Amino acid sequence: MRVFGQYFLPAVMVTVLLFLSSLWLPQGSVQDCELSWLPCLIVRSETNKVESAAAAGWLVSPSADDENVINNNINEDAVLGVCPGQNFQVSRLLLYLNSALGPASDVMLEPYLLCWEELIKFMEALGPLVSFFTGKVQEKITLIRRLVEEEAAKFSFLTAPDPQCTHNPLRHAYSSVRSMLEAELQRDVVKFDRRTDSGSRTLLRLHRSLLWLQLLLEKVVDEGRSDRGRSDGGRSLGELCAEAYAEALAPYHPWLLQRAAQLAFKAMPSRAALLPIVCVHTQEEAEPIILLIISAIREVHHRTQRELEQRSMMDLP
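None of these values were measured; they are calculated from a predicted model.

1. Points about the overall build of the protein
Line of reasoning, step 1. When helices and strands are counted, the protein shows 13 helices and zero strands.
Line of reasoning, step 2. Helices and strands appear in the protein in the N-to-C order α-α-α-α-α-α-α-α-α-α-α-α-α.
Line of reasoning, step 3. Counting all 317 residues of the protein, 48% fall into the buried class.
Line of reasoning, step 4. For the protein, contacts bridging at least 24 residues in sequence account for 77% of all contacts bridging at least 6.

2. Things to note about the environment of Gln 262
Line of reasoning, step 1. Mapped onto the elements of the fold, Gln 262 is located in helix α11 (residues 255-266).
Line of reasoning, step 2. On the basis of relative accessible area, Gln 262 is assigned to the partly exposed category, the value being 25%.
Line of reasoning, step 3. Put simply, Gln 262 and Glu 239 are 23 residues apart on the chain and 8.9 Å apart in space, counted from C-alpha to C-alpha.

3. Section: the packing of helix α5 (residues 90-99) against helix α13 (residues 283-310)
To describe two helices that pack against each other, one gives the angle between their axes and the distance between the axes.
Line of reasoning, step 1. Orientation of α5 relative to α13, taken along the N-to-C sense of each, is 25°, at an axis distance of 10 Å. One finds that α5 runs roughly parallel with respect to α13. In this structure, α5 meets α13 at a crossing whose hand is left-handed. Of the residues in α13, those touching α5 at Val 90, Leu 93, Leu 94, Leu 97 and Asn 98 are Ile 289, Leu 292, Ile 293, Ala 296, Ile 297 and Val 300.
Line of reasoning, step 2. In terms of residue class, the contact of α5 with α13 is made up of ten nonpolar, one polar and no charged.

4. Let's talk about the pattern of salt bridges
Line of reasoning, step 1. Following the criterion strictly, the structure yields 20 salt bridges and no others.
Line of reasoning, step 2. A salt bridge links Arg 92 to Glu 118; the shortest N-O distance between them is 3.0 Å. Of the two residues, Arg 92 sits in helix α5 while Glu 118 sits in helix α6 (residues 109-125), which places them 26 residues apart along the sequence.
Line of reasoning, step 3. The structure contains a network of salt bridges with shared partners spanning Lys 219, Glu 223, Arg 235, Glu 243 and Glu 247.

5. As for unusual backbone geometry
Line of reasoning, step 1. In the Ramachandran plot, Ser 105 falls in the positive-phi region, its phi being about 60° despite a non-glycine side chain.
Line of reasoning, step 2. Along the chain, Ser 105 turns up in the loop between α5 and α6.
Line of reasoning, step 3. Look at Ser 105 and you get partly exposed, because its relative accessible area is 31%.
Line of reasoning, step 4. Backbone geometry at Asp 188 places phi at a positive 60°, although glycine is not the residue there.
Line of reasoning, step 5. Locating Asp 188 in the fold gives a position in the loop between α8 (177-186) and α9 (199-227).

6. Some remarks on the confidence of the model for the protein
Line of reasoning, step 1. Here the protein averages 76 in pLDDT, while 67% of its residues score no lower than 70.
Line of reasoning, step 2. By mean pLDDT, the top-scoring element of the protein is α8 (96), and the lowest-scoring one is helix α2 (residues 37-47) (31).
Line of reasoning, step 3. For residues 66-79, every residue scores under 50 in pLDDT, and the model assigns this stretch 26 contacts once sequence neighbours within four places are set aside.

Criteria and cut-off values
Residue numbering note: each chain is counted from 1, following its sequence as written. Under the rules for a predicted model, residues below a pLDDT of 70 receive no local features and side-chain atom pairs below 80 are neither given nor counted, while totals for whole chains, interfaces and linings still include all residues. Note that the side-chain values use all heavy atoms of the structure and ignore hydrogens as well as water. Helix numbers and strand numbers start at the N terminus; a helix is a DSSP run of H or I with at least 4 residues, a strand a run of E with at least 2. Relative accessibility under 20% of the residue-type maximum defines a buried residue, over 50% an exposed one, and the middle range a partly exposed one, all with a 1.4 Å probe and only protein chains included. Pairs of residues are marked as contacts when any of their non-hydrogen atoms sit within 4.5 Å. Note on definitions: angles span 0 to 180 degrees between N-to-C directions of axes, and those axes are lines fitted to C-alpha atoms, for helices only across the stretch in contact. The cut-offs work like this: below 35 degrees is roughly parallel, past 145 is roughly antiparallel, 65 to 115 is roughly perpendicular, and the gaps in between are oblique. Crossing handedness is defined as follows: a turn of the near helix away from the far one that is anticlockwise and smaller than a right angle gives a left-handed crossing, while the clockwise case is right-handed. Note on residue categories: nonpolar means Ala, Val, Leu, Ile, Met, Phe, Trp, Tyr, Cys or Pro, charged means Asp, Glu, Lys or Arg, and polar means any other residue, Gly included. Here, a salt bridge means any Lys or Arg side-chain nitrogen found within 4 Å of an Asp or Glu carboxyl oxygen. Predictor confidence is given residue by residue as pLDDT, running from a minimum of 0 to a maximum of 100.

Written out as structure tokens, the structure reads:
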């Protein structure tokens, strides 16, 4: 009976959480990709070599202190190689993040969406209680990708290919964050007084969630540094998740969803669970790898933030 009681309350809270998340920021219907989204994403990830993937060395420069940690401790095999047995791969995430850095400080949409697909794998590795979050993220990815594909199809139909054009070909309106925001403003798709299924509004939700992940990883690094010489083990991963959530997402969620999220964070694994996810054995080995991820996420977030702010889109309903 005691075992039943131990698991009954978390199960009830997860059920409530999933129900509430289905009501959270509805995005409208999305088209299925054949029978499900996963096979299509696998094909896309393998066959659509992201146009800027050749520039995978565009990693954003970290701070001087962080750069010293990276240079002195990084294990290149751990970052650049494939981690056996892991669905989430650091090397793949860094490739997509770097490829998302477009010209003129823009953010390319396709690699940005691929980044999120990889980050979903990272979150799922933290445990099933985070599934309420990943489900909503996947819904937003699917919606934006549908808009991209529809726009690309129209663009391809209306634009005759130029065999002489081999450099900087014409791009459709949903090729990048900047072009999408501008196109939707011009087409009067974005509404500042009510919810719509626009790519701009959906991007804003992903943007806030990206900040949550950035803050979480920053807190993990800071806590790992403060742990040195301490015997109490420091704050748990759930506590760090809750702090990052309070800063980045809680202000936009109803009270009941916030309470359910707090309960989910309490059930998260220890910070040590992050080590095998990034394919290392110690906190010292993990720190430079996490710093690389933070640095790349921070630049993508900064660029997206600037584009949204310039168009007064930070508070789209």
